Amino acid sequence: MEFLGTTRLASYCGTRKSCLFPDIATTTTTKAAYQPYCLPGYGSLSSWRPSLLHRMVSVPAGDDKQLNPTGRPPTLLPALHSSLHARYSTSDWHRANMAQLKGSEASMYSASKLNTDSRRLIQDKDQLTSHMQEGSTRNLGERICSIDFWRAELSYELERLLKETHALETAKRRLECSADEMQGPLKIALECLYQREKRNGIDLVHDNVEKSLMKEVDVFKDCQETLTKHAEMIDKQLSINRDAQHALERDLFDKSSAHFIDEKCFNLRNTSESIHFYRGVERANESVSVPATWAKFSEDNIRCSQNARANSVKLREYAEAELESTSEEMWNHFVSTNLAFNNRIAEVDDAKNKLQVQLSKV
């Protein structure tokens, strides 16, 4: 049996010489072209030389029948040992296939693990997003309730402040009207004093009538000055009330705007239209207060309005009391002056009658 395409170092070839396979002389070219055999993936890439040509052993055409009497074509062998060492064995082929299969299984396992991790990450993020959305919805609901509470408080306080301001303006008008109306009785009292200055001789006496008129003039001037000063105080208080009213209205407007925004955000869903995502919006913090300072701001506005209302009530009550006391005092002086006039007239008439009787006797 003849072995075709085997290596020269096989055990079954032996050391015998054959005429069909002449020995190839060892040359420097063969040594230089020799490459050691390495397993796939562990050796140098230069061990495989696809450009190396296989040279056939040249056999003369005429000697075919002599060398090969059977008539079969001659066995073609590589001319260089490097070609033999560049070939792979069956075990190498199987190992390469197994390496490919193991690499494919490892890739499949990594891909499966990556898919599992990705699905788990998506599920976790979905649950986290749902939990955060529920928390945000709950916080928005609480925020809307807080805004509604402070809106109601501000509206109630604003209504009471406007009512008190209107009453205070009415009291101011009454004071100013009373001060203006005192000008008539004051002129009458002054006119009485000027007319009594026309008395002659011994009749130009400083009697009770003159004293009552002078006291009445002083009382009228004092009452008029008091009412005017109290009207000025009310005017200043009205300015404070307007400031408190402006603060309440501004705070109420801001609360209404915040309520509109929070209610719109509360009603938003993942399927809502016109939802835009802006990069970095979650890191933006445009707020100027925290819930504690936010509530304290409205509370301070309400407390300021309450103080203004309390001062307005005191001024209004004082104005009412001042009007009543002024009216009573003016009426008392009017009565005393008229009584002094009546007594003086009676006294003058009595003296006049006595003088006429004495004159008739004379």
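All residue numbers refer to positions counted from 1 along the written sequence of the respective chain. The predicted nature of this model means local features are confined to residues of pLDDT at least 70 and side-chain atom pairs, given and counted, to a pLDDT of 80 or more, with totals for whole chains, interfaces and linings taken over all residues. Remark: hydrogens and water are excluded; side-chain values derive from all non-hydrogen atoms of the structure.

By the naming in an unreviewed UniProt entry, the protein chain goes by Tektin and is assigned to Semnornis frantzii. UniProt positions are given in the numbering used here, feature names are shortened, and annotations may be inferred rather than shown by experiment. Looking at the Sequence similarities (unreviewed entry) heading of the UniProt record, one finds this comment for the protein chain: "Belongs to the tektin family." In its Subunit (unreviewed entry) section, the UniProt record describing the protein chain reads: "Microtubule inner protein component of sperm flagellar doublet microtubules. Interacts with TEKT3."

With that out of the way, let us pick up the overall build of the protein chain. Numbering goes from the N terminus for both helices and strands, where a helix is a DSSP run of H or I of at least four residues and a strand is a run of E of at least two. When its secondary structure is counted, the protein chain shows seven helices and zero strands. Element order for the protein chain, N to C, with α for helix and β for strand: α-α-α-α-α-α-α. In the protein chain, which comprises 362 residues, the share counted as buried stands at 21%. A separation threshold of at least 6 residues defines the contact pool for the protein chain, and within that pool the share at least 24 residues apart is 84%. Between buried and exposed lies partly exposed: a residue is buried under 20% and exposed over 50% of the maximum accessible area for its type, with that area taken using a 1.4 Å probe on protein chains only. Note on definitions: a residue-residue contact is assigned when non-hydrogen atoms from the two residues lie within 4.5 Å.

Before going further, it helps to examine helix α5 (residues 183-196). Multiplying 1.5 Å by the residue count of a helix minus one yields the expected span of that helix. In a regular helix each residue adds 1.5 Å, so 14 residues correspond to 20 Å; α5 covers 20 Å between its end C-alpha atoms and thus fits that length. For α5, the full list of buried residues reads L186, A189, L193 and R196. The arc enclosing the buried residues of α5, seen along the axis, measures out at 95 degrees, which places them on a common side. Opposite its buried face, α5 presents the exposed residues K187, I188 and Y194, each directed more than 90 degrees away. The directions from the helix axis to the C-beta atoms form the arc being described.

The next thing to look at is the nonpolar core. The tendency in soluble globular proteins is for nonpolar side chains to be buried side by side. Joining through side-chain atoms within 4.5 Å is the link that ties buried Ala, Val, Leu, Ile, Met, Phe, Trp, Tyr and Cys residues into a set, and such a set is a nonpolar core. By size, the foremost hydrophobic cluster in this structure holds 23 residues, and its most contacted members are L168, L175, M182, V217, L227, I234 and A319. Put simply, the parts of the chain that give this core at least two residues each are α4 (90-181), α5, α6 (208-266) and α7 (291-361). Per-element accounting of this core gives the leading share, ten residues, to α6. Apart from the residues within four sequence positions on either side, L168 is in contact with I234, Q237, L238, N241, S312, L315 and R316. Ranked by size, the runner-up nonpolar core spans eleven residues in total, among them L161, A244, W294 and I302.

Bringing a negative patch on the surface into the picture now. Together, D218, D222, E324, E328 and E329 make up a region of like negative charge exposed at the surface. Secondary-structure elements contributing two or more residues to the negative patch are α6 and α7. For the negative patch, the element with the highest residue contribution is α7, accounting for three residues. Counting through the fold element by element, D222 comes out in helix α6. Among the residues examined, D222 registers a relative accessible area of 46% and is labelled partly exposed. Exposure above 30% relative accessible area and the lack of any salt bridge qualify a residue for a patch; like charges then connect within 9 Å, and the nonpolar side chains Val, Leu, Ile, Met, Phe, Trp and Tyr within 5 Å. Here the open area of atoms and residues is found with the Shrake-Rupley method and a 1.4 Å probe, where only the protein chains shown may cover a residue. Whenever a carboxyl oxygen of Asp or Glu lies within 4 Å of a side-chain nitrogen of Lys or Arg, that contact is scored as a salt bridge. Charge counting follows a simple rule: Lys and Arg are positive, Asp and Glu are negative, and His as well as the terminal groups are ignored. In plain terms, the charge of a residue is placed at NZ if it is Lys, CZ if Arg, CG if Asp and CD if Glu.

Relative to the helices and strands, S212 is located in helix α6. Since its relative accessible area comes to 16%, S212 is described here as buried. Not counting residues up to four positions away in its chain, the partners in contact with S212 are S336, T337 and A340.

Pairs were defined over the aromatic rings of Phe, Tyr and Trp, the Trp ring being its six-membered one, requiring ring centres within 6.5 Å. Orientation was assigned from the angle between planes: stacked under 30 degrees, edge-to-face over 60, tilted for the rest. Throughout the structure, instances matching the rule amount to two aromatic pairs. Centre to centre, the rings of F149 and W150 are 5.3 Å apart; their planes meet at 70 degrees, and the pair counts as edge-to-face. Residue W150 is classed as buried on the basis of its relative accessible area, which comes to 14%. A positively charged side chain is recorded as over a ring if its NZ (Lys) or CZ (Arg) lies within 6 Å of the ring centre. The angle to the ring normal must also be within 35 degrees. The lysine or arginine in question, R143, covers the ring of W294, its NZ or CZ lying 3.9 Å from the ring centre.

A cluster of nonpolar side chains, contributed by L268, I275 and F277, occupies part of the molecular surface with about 330 Å² of accessible area. On the accessibility criterion, I275 (33% relative accessible area) is partly exposed.

Let us look at the packing of α5 against α6. Running from amino to carboxyl end, α5 crosses α6 at an angle of 150 degrees, the nearest separation of the two axes being 9 Å. Compared by their axis directions, α5 and α6 come out roughly antiparallel. As α5 packs across α6, the resulting crossing turns out to be left-handed. Facing Q183, P185, L186, A189, L190, C192, L193 and R196 of α5, the residues of α6 in contact are V209, E210, L213, M214, V217, F220, K221 and Q224. For every element, the axis is a line fit to its C-alpha atoms; helices are fit only across the contacting stretch, and the angle between N-to-C directions ranges from 0 to 180 degrees. In this scheme, roughly parallel covers angles under 35 degrees and roughly antiparallel covers those over 145, while 65 to 115 is roughly perpendicular and the rest are oblique. If you view the pair so one helix is near and one far, a crossing is left-handed when the near helix is turned anticlockwise from the far one by less than a right angle, and right-handed when it is turned clockwise.

It is worth spelling out the environment of S146 at this point. The residue S146 is located in helix α4 in this model. Sequence separation of S146 and P291 is 145 residues, and the distance between their C-alpha atoms is 9.8 Å.

This part is about the pattern of salt bridges. Counted under the stated rule, the structure contains 19 salt bridges. Of the charged contacts in the structure, one is a salt bridge between R316 and E164, with a shortest N-O distance of 3.1 Å. With a gap of 152 residues between them, R316 in helix α7 and E164 in helix α4 connect regions that are remote in the sequence. Overlapping salt bridges, with partners in common, bring together R196, R199, D207, E210, R344 and E347 in one network.

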